[in-house]
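Structural overview
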Amino acid sequence: MVNEAVWKEITAELKEKNITLVAVSKTKPVSDIQDLYNLGQRDFGENYVQELVEKQPQLPADVQWHYIGHLQSNKVKYIAPFVHLIHAVDSFKLLLEINKQAAKNDRVIDVLLQMHVAEEETKFGLDEKELIELLEYYTAQKDQLSSIRVCGLMGMATNTEDESVVRLEYKRLHNTFNHLKDVYFINQPQFNTCSIGMSSDYKIAMEEGSTMVRIGSLLFGARQYN
Ligand SMILES: *Cc1c(COP(=O)(O)O)cnc(C)c1O
């Protein structure tokens, strides 16, 4: 079941600030995705490769699929033919593999680097020092990496009721984004995406510089995992 009223409300709110809504449809049936598509939603996010590969052919070709989960290098090949944006790149090895698979498919794939800002160690991503290391490699080998475009950062805040913690983490991510843009992507307008904000905290993320939010349960209802 899709919450049409909430979709309309969030869409209007984001449109004012030019923020992209990625509807996170993981675990939800194809019929729910189709319902939201019929309302006008085009960007959808999934975080399991197998689930995405099963759903993609059942939906219209102009859906823009975002891969928002942790991605293993050996699975890139399955999504490379169609994926619109890969959000959570956290190693140079993965970047190389995405470049290779993109070239094989004769396309350029857009990616975001995942920054670790949360308190939980379990969350993936790179700290500022590791991001700089990765971007040094990337910059040095850019000529061979012409089948990917690095378009910004993605992050997840700590799962907490304390809004000040979430706000601080998103602020840190946005500051790092600005810094990296100045150092590595000056005059490169494609580096323009800050993918922060989920159902519980997207309003805070909007205030802290989000350009793309990833919202699931508010639109589709709570997820059930068996
Ligand atoms: C599931 C998920 C979301 C959406 O979470 P909701 O709380 O349902 O909005 C956003 N980002 C990532 C990386 C996710 O895995």
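To be clear, the structure that these remarks concern was listed above.
Residues numbered from 1 in each chain as written. Predicted model: local features only at pLDDT ≥ 70, side-chain atom pairs only at ≥ 80, totals over all residues. Heavy atoms only, no water.

Comments concerning the environment of Gln 190
Defined as follows: A run of DSSP states H or I qualifies as a helix once it reaches four residues; a run of E qualifies as a strand once it reaches two. Both are numbered from the N-terminal end. When a residue's accessible area, from a 1.4 Å probe over protein chains only, is under 20% of the maximum for its type it is buried; when over 50% it is exposed; and in between it is partly exposed. Contacts: residue pairs with any heavy atoms within 4.5 Å of one another.
Here Gln 190 is to be found in the loop between helix H7 (163–184) and strand E7 (193–195). A relative accessible area of 17% means that Gln 190 is categorised as buried. Placed 41 residues apart in sequence, Gln 190 and Arg 149 show a C-alpha to C-alpha distance of 7.6 Å. Residues in contact with Gln 190, not counting those within four places in the same chain, are Arg 149, Val 150, Cys 151 and Phe 185.

A look at the site of the ligand
Stated precisely, the cut-off is as follows: For this description, a residue counts as near a given molecule or strand if any of its non-hydrogen atoms is within 4 Å of it. As used in this structure description, the phrase polar contact means that two N or O atoms lie within 3.5 Å; if the pair is within protein, one of them must be able to donate a hydrogen and the other to accept it, and residues adjacent in sequence are counted only when both atoms belong to side chains. Per-residue accessibility takes into account occlusion by the displayed protein chains alone, with areas from the Shrake-Rupley method and a 1.4 Å probe. Every definition here rests on a 1 Å grid over the protein atoms only: cavities are sets of points where a 1.4 Å probe fits but cannot get out, pockets are open sets enclosed by protein on both sides within 12 Å along at least five of seven lines, and lining residues have some atom within 4 Å of a point. The way we define it, a molecule is inside a pocket or cavity when more than half of its atoms are within 2 Å of that pocket's grid points. Lys, Arg, Asp and Glu make up the charged group, whereas Ala, Val, Leu, Ile, Met, Phe, Trp, Tyr, Cys and Pro make up the nonpolar group; the residues left over, Gly among them, are polar.
If you check the shell around the ligand, you find 13 residues, and the closest are Lys 26, Ser 199, Gly 216, Ser 217 and Arg 223. The separation between an oxygen atom of the ligand and a polar side-chain atom of Asn 47 is 3.5 Å. Within the complex, 91% of the 390 Å² of free accessible area of the ligand lies under protein. More than half of the atoms belonging to the ligand lie within 2 Å of the grid points that define the largest pocket. Here the shell around the ligand is composed, by residue class, of 6 nonpolar, 4 polar and 3 charged.

Notes on the packing of helix H6 (residues 128–140) against H7
The criterion, for reference: Geometry is summarised by axes, namely lines fitted to C-alpha atoms with helices restricted to the contacting stretch, and by angles between N-to-C directions that run from 0 to 180 degrees. By the definition adopted for this analysis, an angle is roughly parallel if under 35 degrees, roughly antiparallel if over 145, roughly perpendicular if from 65 to 115, and oblique otherwise. Handedness of a crossing follows from how the near helix is turned relative to the far one, being left-handed for an anticlockwise turn of less than a right angle and right-handed for a clockwise one.
At a minimum axis separation of 12 Å, H6 and H7 run at an interaxial angle of 25°. Overall, the two elements H6 and H7 adopt an arrangement that is roughly parallel. Remark: the crossing between H6 and H7 carries right-handed chirality. Residue-level contacts link Glu 128, Leu 131, Ile 132, Leu 135, Glu 136 and Thr 139 of H6 to Thr 176, His 179, Leu 180 and Tyr 184 of H7. Here the residues of the contact of H6 with H7 are counted per class, giving 5 nonpolar, 3 polar and 2 charged.

Things to note about the layout of surface pockets
Our working definition: Grid points are joined across faces, edges and corners, and a volume is the space filled by probe spheres set on the points.
In this structure, the largest pocket encloses a volume near 420 Å³. Residues of the lining of the largest pocket, tallied by class, amount to 8 nonpolar, 9 polar and 4 charged. The computed volume of the second largest pocket comes to approximately 260 Å³. With 3 residues, H7 is the largest single contributor of residues to the lining of the second largest pocket. Split by residue class, the lining of the second largest pocket holds 6 nonpolar, 4 polar and 5 charged.

Details of the pattern of salt bridges
As a reminder of what qualifies: Throughout this description, the term salt bridge denotes a Lys or Arg side-chain nitrogen within 4 Å of a carboxyl oxygen of Asp or Glu.
By the definition in use, this model includes 9 salt bridges. Between Asp 110 and Arg 149 there is a salt bridge, and its shortest N-O distance comes to 2.9 Å. One end of the pair, Asp 110, is in strand E5 (residues 109–116); the other, Arg 149, is in strand E6 (residues 148–156), and 39 residues separate them in sequence. Judged by its relative accessible area of 17%, Asp 110 is buried.

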